[in-house]
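Residue strings, one per chain:
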Amino acid sequence: SFSEAVSSDEDMEEWRPPEAKTSSKRARGPAAGVKKPAATRTAKPKVPKEPKVHKASGVPKPRATRKPAAEGKPPVSRNPKNAAVPGTATTKRKISECDFEENKRMRMTESEEVKAHKDDTNIRLKEELLSTMTGVNKWVCVNIVTLLHEENTIPFIVRYRKEMINHLDADAVRDVQMVYDELCSVAKKTQSVIRTLKKDGVLTPELENSLRSCRSADELDHVNAPYKKGSKLSKARRAKALGLEDAATALMNTPHNLDLRAWVKPGTEGLSSVEDVSTGVVHILADMIAKDSDTLTYIKTCVTIQSSVSKSALNKKEQGKSDQGCKKPGDEQNKNKDLDKFHLYFDFTCNIKRIQSHQTLAINRGESLKILTVKVNIPDRVRSDFTLWCINNRWRPKTFAKEELRAIISNAVEDSYKRLIVPFLTRSCRTKLTSAAEKESIAMFVRNLRQRLLVCPVRGCVIMGVDPGYRHGCKLAILSPTSQILHTDVVYLHNSGQQHREAEKLRHLMIQYSCSKVVIGNGTACRETEAFFSDLISRRFFHPLDVSYIITNEAGASIYSVSPEAVKEMPDLDPNLRSAVSIGRRVQDPLAELVKIDPKHIGIGTYQHDVSAGALKAALDGVVQECVSFVGVDINICSETLMRHVAGLNAGRAQSITEWREKNGAFINREQLKLVKGMGPKSFQQCAGFIRINPLTLNSSSKTGNVQRCITSFFFCNFIDEKIPQAIKKGKGKVGVSIPNSLNPLDQTCIHPESYNVAQRFLSLVGGSVDQIGNACLRQCVENKVKASCVDELARAVDTTPETLQLIIDGLTQPPGFDIRQNFGQADFKRGIVSMSDLQVGAVLTGRVDNTTLFGSFVDIGVGRAGLIHKSNITLDKLPVSQRRRSLALGPGERVEVRVLNVDLQRGRIGLDLIRILQ
């Protein structure tokens, strides 16, 4: 009967597809007739191709009627004219087709479940490996990966998802992201290799396990090298093709039962004698030894790297001495200078476990310049120790082995060491050392750039930027407190006979614009220009003004002055004068000015040309985005250049925001960002918390129109209860978007719009209102409430997490004009000058870190030449507790107290010792 045919699970399992194939031709016509009634649901029931549509969709109607059939009731068709009668051939064929489709669907579901289970297993293994490699808890790694897959940016994750990442900082999250990307890349390459080997028919379970256990691309290439297309068949593969793999396995597991004479096959190449069989077994064992992870780990502890001066460099040096009279002195001097840079590595040897990152990069650069010759050495004593360890421990047979069999194992170890292990270690060690050094160098770049971008801006004063020069004069740019260009000029301070006239010109300009701060670039003629200003200041030449000056790094100013961004911003200025403007703005607002320049040109870090350009750019772009986002931007006065670095925005969205602002006027609240073209829900979520709506700048920008200069230091004020210009209209293309036209005081804080409801509940709990944001009264109410009950209890009361509530408390209580950069060091202005000859050994000075490298930190102590604090003198006991981490070591901008260790006037070098960091 029908019910017996479709209700029994055993019948379903016993059914075989071939039966359906034999009846498919006969069943196709009636089955199509059965399918047609299902088409009566639509307006076109008699379309001739309708049965094909239902066949492609998996015949849903028969499966939908199986439940009543299992209860003993025949399926009732909606079209009684074509209904099938139970027990007829049509019904049986229909049941057969239904069972075929059902079994097919079940098999597909099972395969998908198996694939999903395998994928889940791979993800879990990857997460465990990620946790092991980064030292971060597994649940944190899982959350970070999930958040990144959901297209969340690192600044958003670090600030608004703290509870999910266990309060990690941006550097730690970025490290997890980098390691995860590497693992994904290796996993993707592994899958590709496995598919290729499987297609070629050479994949075995052991080989697949070896491939899946690889953790790096080098290990994967090492295992896959013998199987690549076009590669010569390895000795081990030829021996395995002869069937000697079982003999090798027996030699290690059951040598007492192994007789090599049984494998001899006269007339077969490679098996014609016992010696040939022994050689094949040796090759197989040597391959197994070379790919064993424990064996490689044992021998890596004794590997050293050695560098020496190359023969070509010595020949060129000797040739230069012989031809000294025929060549220009400058060329010879430059070549000798290049050789002298690497004199420390002319006879250098170090264990790979102890070599420093800067040493690795220096050796690589010397090798690329063909000045150094580099080798990876394993001492001779290590070879004998390694052989004994393998024979007596790792590769010792499990049972008694005859003398000739032990000789085979010994020969296999020797062959593996000489032919496979040494070349592999040479390649892999250099690759791993270079990779580790590049990561450390990039991390140093990131730390230096963050320190440089977050230097506290100099607000509220007129500044003169000076780009010093000799023949073409010193370029001047006088900037207003809001960085507007007030005046530009050129003065010739170093031409004899004109200095008095030029000094009078300077005094006139500084008194006219009330300018008391001078910023001098550290380029050509810097020391002479500094001496000129210092002399005028000592004679009170600018009285009644109290003038002071500072030397700032002008790296990248010349490149920026001819860039499209500078031409667009200052189209009427000469490129030399643009450099003076950039130098002045670097002190007024370092973040807003330095984001216009490629980070590689700012003059931070070392060996930037010796690391991966892609990895360096990604890391530096990430830290720029982090700094800009954490400081925040005022959307109504922010430049397009700075805006594109906000988390969630890019060049296209920044341009759309600028165009919307020019067309409709100032933004009144954050919600109006949703009206901008290209601003979807995800983009709004990522950027909204880092964008500010300042009521003060809102009113001024709505009257003056587009403001071209970007200021990232915000003067938060209390909510001004006055009429806001209703300049905002509903944007085209955003149909159905309801946006309020009222000002929300929470938009000037770091509180995310997704937490506005929680903020309102908390304000009600403490008895405050949004109009009191930043007031001392509200701050006192919040502090009293937090003291009365802890943050955790308050978080439960307002239904949120403690991390989110703490962020809300910070946003409500931060004073007007709060800037996270105020906790960082500010530029130091001075009035006098000290020369290098005035220094004495043992003198204690204060200075500011100018740059940090992998071997130490350079400190500007005001003598025209930076002194070096070697890394050996930067110990943990000299650092504050909060900075005793690798990612928070000495960085540009930090004020330090140092002691002079040595002064080399001839080479222009100053050695310093760190005493303490000045808070």
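Criteria and cut-off values
- Residues numbered from 1 in each chain as written.
- Predicted model: local features only at pLDDT ≥ 70, side-chain atom pairs only at ≥ 80, totals over all residues.
- Heavy atoms only, no water.
- Helix = DSSP H or I, 4+ residues; strand = E, 2+ residues; numbered from the N terminus.
- Buried < 20%, exposed > 50% of the residue type's maximum accessible area, 1.4 Å probe, protein only.
- Areas by Shrake-Rupley, 256 points an atom, 1.4 Å probe, with all protein chains shown as cover.
- Core = buried A, V, L, I, M, F, W, Y, C linked by side-chain atoms within 4.5 Å.
- Contact = heavy atoms within 4.5 Å.
- Pairing = 2+ DSSP bridges.
- pLDDT = per-residue confidence, 0-100.
- Axes fitted to C-alpha atoms, helices over the stretch in contact; angles between N-to-C directions.
- Salt bridge = Lys/Arg side-chain N within 4 Å of Asp/Glu carboxyl O.
- Phe/Tyr/Trp six-rings, centres within 6.5 Å; stacked < 30°, edge-to-face > 60°.
- Polar contact = N/O pair within 3.5 Å; in protein donor to acceptor, adjacent residues only side chain to side chain.

A. Examining the overall build of the protein more closely. Secondary structure summary: the protein contains 37 helices and 15 strands in total. When burial is assessed residue by residue, the protein has 46% of its 919 residues classed as buried. With the model as given, the accessible surface of the protein reaches about 47,300 Å², and the carbon-plus-sulfur share is 52%.

B. Broad picture of the nonpolar core. Of all hydrophobic cores here, the largest spans 81 residues; its most connected members are Ile165 and Ile657. The element best represented in this core is helix α29 (residues 613-631), accounting for nine residues. Contacts of Ile657, omitting those with residues within four sequence positions, involve Ile635, Met643, Leu649, Phe667, Leu673, Val676 and Met679. Among the nonpolar cores identified, the runner-up in size contains 57 residues, and Ala248, Tyr345, Val376 and Val382 belong to it.

C. Local environment of the pairing of strand β1 (residues 304-309). Bridging between β1 and strand β3 (residues 372-377) involves six bridges; their strand directions are antiparallel. Within the sheet, the bridge partner assigned to Gln306 lies in β3 and is Lys375. Sheet topology note: the β1/strand β2 (residues 347-351) ladder contains five bridges and is antiparallel. Residue pairing in the sheet places Thr304 in a bridge with Asn351 of β2.

D. Quick peek at the confidence of the model for the protein. A residue-level look at the protein finds 77% of positions with pLDDT of 70 or above and a mean pLDDT of 78. Note that pLDDT drops below 50 for residues 1-97; the model gives that stretch 77 contacts with residues more than four away or on any other chain.

E. Representation of the side chain of Ser656. Looking at where Ser656 falls in the secondary structure, it is placed in helix α31 (residues 651-664). Taking relative accessible area as the criterion, Ser656 reaches 14% and is therefore assigned buried.

F. Focus on the sheet that holds strand β11 (residues 844-852). Read around the closed barrel, five strands run β11-β12-β13-β15-β14, paired in mixed fashion. Averaged over all pairs of adjacent strands, the angle between strand axes in this sheet comes to 50°, irrespective of strand direction. In this sheet, strand β12 (residues 856-860) lies alongside β11 in antiparallel orientation, the contact comprising four bridges. The residue of β12 that forms the bridge with Thr852 is Ser857.

G. Representation of the pattern of salt bridges in the model. Scanning the model with the defined rule gives 37 salt bridges in all. In this structure, Asp747 and Arg670 form a salt bridge, with 4.0 Å as the shortest nitrogen-oxygen distance. You can see Asp747 sitting in the loop between α33 (695-704) and α34 (756-766) and its partner Arg670 sitting in the loop between α31 and α32 (681-687), a full 77 residues away along the chain. Both residues of the pair, Asp747 and Arg670, belong to the buried class. The network of salt bridges with common partners includes Asp171, Arg174, Arg450 and Glu626.

H. Focus on the sheet that holds β3. Across the sheet, which stays open at both edges, the three strands sit in the order β2-β1-β3 with antiparallel pairing between neighbours. Looking at the sheet topology across the chains shown, the edges are occupied by β2 and β3. Taking the axes of each pair of neighbouring strands and ignoring which way they run, one obtains an average angle of 15° across the sheet. Contacts between helix α20 (residues 357-368) and the sheet are confined to β1, β2 and β3, with β3 contributing the most and set at about 125° to the helix.

I. Region of the structure containing the packing of aromatic side chains. On inspection of all chains with the given rule, the structure shows nine aromatic pairs. Here Phe156 and Tyr160 contribute two aromatic rings whose centre-to-centre distance is 5.6 Å and whose plane-to-plane angle is 45°, an arrangement assigned as tilted. Linking Phe156 with Tyr160, this pair stays in helix α9 (residues 154-160), spanning four residues, or about one helical turn. Looking at Phe156, the relative accessible area reads 0%, which means it is buried. Owing to a relative accessible area of 6%, Tyr160 belongs among the buried residues under this scheme. Ring geometry for Phe532 versus Phe533: centroids 6.4 Å apart, planes at 80°, classification edge-to-face.

J. A look at the environment of Thr295. Relative to the helices and strands, Thr295 is located in helix α17 (residues 293-300). Spatially, the C-alpha atoms of Thr295 and Cys390 are 7.8 Å apart, while their sequence positions differ by 95 residues. Ignoring any residue separated from it by four or fewer positions in sequence, one finds Thr295 in contact with Ile289, Phe386, Trp389, Cys390, Arg394, Trp395 and Ile421. Polar contacts involving the side chain of Thr295 include one to the side chain of Asp292, which spans 2.7 Å. In terms of polar contacts, Thr295 uses its side chain to reach the side chain of Trp395, at 3.2 Å.

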